[in-house]
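# Overview (structure and organization)
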Amino acid sequence: MISRSALTRGSQLALRRPAAAKTAQRGFAAAAASPAASYEPTTIAGVKVASRDDSGPTTRLAVVAKAGTRYEPLPGLTVGLEEFAFKNTNKRTALRIVRESELLGGQLQAYHTREALVLQASFLREDLPYFTELLAEVISETKYTTHEFHELVEDCIHAKQAKLDSAAVALDAAHNVAFHNGLGSPLYPTVDTPTSSYLNENSVAAFANLAFNKANIAVVADGASQAGLEKWVEPFFKGVPATSSGNLNTAASKYFGGEQRVAKNGKNAIVIGFPGAALGASQPETSVLVGLLGGASNIKWSPGFSLLAKATAANPGAEAFATNYAYSDAGLLAIQISGKGAAVGKVAVEAVKGLKAIAAGGVSKEDLTKAIAKAKFNLLSASEVSGTGLVHAGANLLAGGKPLQVAETLKALEGVTAEKLQAAAKKLLEGKASVSAVGDLHVLPYAEDLGLKV
């Protein structure tokens, strides 16, 4: 038998919980809206810098360079530059860089987006001086040697090319029909791209000279004070050139729309794209629409509330999710579907039906509330989980804007109504879509079959 005293203690705890929950909610809301949640921009010795400091024990520091595939003058140069990162420099060998970083418990990585090449270090907070110096050294004193290119860089590029699946090819194809050149360049060159005609250690070095200068880089820190950055960025980045002798191709993006179909063995994929929200654009409806379209359920034992979650649950064998790919002067809202051919086609049909239902005003109050909450979570978790907030902060600085202001953006999301969401969906459907299909083209539908204009 349960004692009365145990019941009393349980009752007291239960009574305290609502008050504790309200206190916690107030605390979380204050934390979310606090200025520390946003990156603070400044300029140090001619270098654009953004930082935010949560006073934690670790730091992420990145150099975000305007060297993504959008800006490469020849195919493959961005990935070539990425693979040369943390190799031999004028001061350190690659082996020394590895050993020193491991002794300090640090992590080094290089990756790229369509607009940026990111060189990132994660480390214990007190090691900021070492890694600031290392990143400055990598962008200004890397040796682009012939033997490293042939023995290491080429092999890494070929390995990544071999991993390109139908989903990646479809996303590249959707960008290509949406933007043609620039943002339409593939994220990785395919195995059929004649990179040998363009890619070598000399062309990579020439691209580095164009991209790695103070006009084209931003230093972004998560977990470092602005005072700490001022102390170390100025002396270590003084050797970085202020400008370059040439210019990157910075032509403004233009949205076209269209359709592309690629026959490929293996998995099937469809991407349905529309003009999305650019970095810094005040389009909270797009983020909420992404939340409503959704993808796989985030709750165990639940099929999920989102339109794509319901569509994939009804058509086993397919996966789907929606994303807004935000760039400095454009965006692409993409519905990405992959899996077995027949299931992929059916989910694509359901996805467009769902979008048309939103445009017709068929969004319940409950689903709107869930979509807004999901959009807020996506915003707040982006930097913590994937580091995209850090990259976007750097990209915003390079585009002449300011980093995302979290409190303002959260307020804008809360102001999205069913009417605003309806208008946003209607506008997408009235314009031209960007549709790509990769795989078994006998079973994958055309854009016309889905009821879309291209």
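Residues numbered from 1 in each chain as written. Predicted model: local features only at pLDDT ≥ 70, side-chain atom pairs only at ≥ 80, totals over all residues. Heavy atoms only, no water.

Spatial ordering of the open sheet is given by E7-E11-E8-E10-E9, a layout of five strands whose pairing is mixed. The strands lining the two open edges of the sheet, one partner per strand, are strand E7 (258-263) and strand E9 (318-326). The sheet shows a mean angle of 10° between the axes of neighbouring strands, taken without regard to direction. Where E9 lies against strand E10 (residues 331-339), nine bridges are found, and the strand directions are antiparallel. Across the sheet, residue Ala322 finds its bridge partner in E10, namely Ile335. (Pairing = 2+ DSSP bridges. Helix = DSSP H or I, 4+ residues; strand = E, 2+ residues; numbered from the N terminus. Axes fitted to C-alpha atoms, helices over the stretch in contact; angles between N-to-C directions.)

Let us now look at the sheet that holds strand E5 (residues 117-124). One open sheet holds the six strands; their spatial order is E1-E2-E6-E3-E5-E4, and the pairing between them is mixed. Each edge of the open sheet is held by one strand with a lone partner, namely strand E1 (40-44) and strand E4 (107-112). Averaged over all pairs of adjacent strands, the angle between their axes in this sheet comes to 20°, without regard to strand direction. Taken together, the six bridges between strand E3 (residues 58-65) and strand E6 (residues 217-222) define a ladder with antiparallel strand orientation. Across the sheet, Ala65 pairs through a bridge with Ile217, a residue of E6.

Let us look at the packing of helix H11 (residues 341-359) against helix H15 (residues 418-430). Remark: H11 packs on H15, axes separated minimally by 7 Å, with the N-to-C direction vectors making an angle of 130°. In terms of their interaxial angle, H11 and H15 are classed as oblique. Judged by the twist between their axes, the crossing of H11 over H15 is left-handed. The segment H11 lies against H15, with Leu355, Lys356, Ile358 and Ala359 engaging Leu421, Gln422, Ala425, Lys426 and Leu429. Residue classes in the contact of H11 with H15 are distributed as six nonpolar, one polar and two charged. (Parallel < 35°, antiparallel > 145°, perpendicular 65-115°, else oblique. Left-handed = near helix turned anticlockwise from the far one by under 90°. Contact = heavy atoms within 4.5 Å. Nonpolar A, V, L, I, M, F, W, Y, C, P; charged D, E, K, R; others polar.)

This part takes up the side chain of Asn213. Here Asn213 shows up in the loop between helix H7 (201-211) and E6. Setting aside residues up to four positions removed in sequence, Asn213 forms contacts with Val240, Pro241, Ala242, Thr243 and Ser244.

Its 14 residues place the ends of helix H4 (residues 128-141) 19 Å apart at the C-alpha level, agreeing with the 20 Å of an ideal helix rising 1.5 Å per residue. Looking at H4, one finds that the buried residues are Leu128, Tyr130, Phe131, Thr132, Leu134, Leu135, Ala136, Glu137, Val138 and Ile139. Lining the buried residues of H4 we find E3, helix H3 (94-103), E4, E5, E6 and helix H8 (226-236). (Expected span 1.5 Å × (residues − 1). Buried < 20%, exposed > 50% of the residue type's maximum accessible area, 1.4 Å probe, protein only.)

On to the packing of H3 against H4. The N-to-C vectors of H3 and H4 enclose an angle of 155°; their axes lie 11 Å apart at closest approach. In terms of orientation, H3 and H4 fall into the roughly antiparallel class. The two elements H3 and H4 cross, and the hand of that crossing is left-handed. Listed contacts from H4 to Ile97, Glu100 and Ser101 of H3 are Tyr130, Phe131 and Leu134. By residue class, the composition of the contact of H3 with H4 is four nonpolar, one polar and one charged.

Here we take up H8. Within the sequence span of H8, burial applies to Gly228, Leu229 and Val233. Taken end-on, H8 shows its buried residues confined to a sector of 105°, consistent with a single buried face. In H8, the exposed positions angled more than 90 degrees off the buried face are occupied by Ala227 and Lys231. Here the buried face of H8 lies against E1, strand E2 (47-52), E3, H4 and E6. (Arc of directions from axis to C-beta.)

The subject of this paragraph is the nonpolar core. General note: in soluble globular proteins, nonpolar side chains tend to be found buried as a group. With 50 residues, the main nonpolar core has Leu81, Phe212, Ile217, Leu229 and Phe237 as its most contacted residues. Ranked by residues supplied to this core, first place goes to H4 with eight residues. If near-sequence neighbours (up to four positions away) are discounted, Phe212 is found in contact with Ala65, Leu81, Leu117, Leu119, Ile139, Tyr144, Ile217, Val240 and Pro241. Ranked by size, the runner-up nonpolar core spans 43 residues in total, among them Val344, Leu368, Leu421 and Val435. (Core = buried A, V, L, I, M, F, W, Y, C linked by side-chain atoms within 4.5 Å.)

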